[in-house]
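Next come the chains, spelled out residue by residue.
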Amino acid sequence: MSSGVPMASGKGEIFEIVLQFMPDWVQIPVLVLIVLLVVGSWVFKLKRKIDRRRAARAGQAVQVAAAQHGQGRGSDYLGPYAPQQAAPQPAPQPSGADFLGAYAPQQGRGNGSV
């Protein structure tokens, strides 16, 4: 029962259906935009690949090379949201039920009992 024509994928069928509902004067710009997006993504990937190779040849880590150009991003790049280096805080004063403060019994000095 094979007709010799390969079956289109689900995405391809949906794409064709959407294009059929568009007028002819809209179909061509839509197809051109899709082609430009695909070609643009290829160019972007190629540029990133070239940047990685240049960084590797220069002996830099890829993240360091990206950070030098102000392109830090992702979960490791916090930018202005990075925690600030806080000054060391003084030791906390004891408090609570176990701290008697001025009401603590005074230590006896040399009362003779050992």
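Up top you'll find the structure we're talking about.
Residues numbered from 1 in each chain as written. Predicted model: local features only at pLDDT ≥ 70, side-chain atom pairs only at ≥ 80, totals over all residues. Heavy atoms only, no water.

**Q** Sorry if this is basic, but what is going on with the overall build of the protein chain here?
**A** Looking only at helices and strands, one finds three helices and zero strands in the protein chain. If you list the helices and strands of the protein chain from N to C, you get α-α-α. Of the roughly 11,200 Å² that the protein chain leaves accessible, carbon and sulfur atoms contribute 62%. (Helix = DSSP H or I, 4+ residues; strand = E, 2+ residues; numbered from the N terminus. Areas by Shrake-Rupley, 256 points an atom, 1.4 Å probe, with all protein chains shown as cover.)

**Q** Is there a simple way to think about the packing of helix H1 (residues 10-21) against helix H2 (residues 24-57) in this case?
**A** Packed helix pairs are characterised by how far apart their axes lie and by the angle those axes make with each other. The geometry of H1 relative to H2 is characterised by a closest axis approach of 9 Å and an angle of 145° between their N-to-C directions. Within the contact between the two elements, H1 uses Phe 15, Leu 19 and Gln 20 and H2 uses Gln 27, Val 30, Leu 31 and Ile 34. Residues belonging to the contact of H1 with H2 are distributed by class as follows: five nonpolar, two polar and no charged. (Axes fitted to C-alpha atoms, helices over the stretch in contact; angles between N-to-C directions. Contact = heavy atoms within 4.5 Å. Nonpolar A, V, L, I, M, F, W, Y, C, P; charged D, E, K, R; others polar.)

**Q** What exactly am I supposed to notice about the pattern of salt bridges here?
**A** Charged atoms that come close allow side chains of opposite charge to pair. The tally for this structure, following the rule as stated, stands at one salt bridge. Lys 47 is the salt-bridge partner of Asp 51, the closest N and O atoms lying 3.1 Å from each other. Of this pair, Asp 51 and Lys 47 are both found in helix H2, four residues apart, which corresponds to roughly one turn of the helix. In this structure Lys 47 comes out as partly exposed when scored by relative accessible area, which is 47%. (Salt bridge = Lys/Arg side-chain N within 4 Å of Asp/Glu carboxyl O. Buried < 20%, exposed > 50% of the residue type's maximum accessible area, 1.4 Å probe, protein only.)

**Q** Any chance you could explain a nonpolar patch on the surface here in plain terms?
**A** On the surface, Phe 15, Leu 31, Ile 34, Val 35, Val 38, Val 39, Trp 42 and Val 43 cluster together into a nonpolar patch covering about 690 Å² of accessible area. In terms of residue count, the dominant contributor to the nonpolar patch is H2 (seven residues). Summarising the element assignment, Val 38 is placed in helix H2. (Patch = residues over 30% accessible without salt bridge, like charges linked within 9 Å, V, L, I, M, F, W, Y side chains within 5 Å.)

**Q** Help me understand a positive patch on the surface in this model?
**A** A contiguous patch of positive charge, built from Arg 48, Lys 49, Arg 52, Arg 53 and Arg 57, is present on the exposed surface. Inspection of the secondary structure puts Lys 49 in helix H2. (Lys, Arg positive; Asp, Glu negative; His and termini not counted. Charge placed at Lys NZ, Arg CZ, Asp CG, Glu CD.)

**Q** Explain H2 to me, please; I cannot follow it from the model alone.
**A** Residue pairs three or four apart in sequence face the same way in an α-helix, which turns once every 3.6 residues. The first and last C-alpha atoms of H2 sit 50 Å apart over 34 residues, in line with the 50 Å expected at 1.5 Å per residue. Directly beyond the C-terminal end of H2, a positive phi value near 80° is found at Gly 59. (Expected span 1.5 Å × (residues − 1).)

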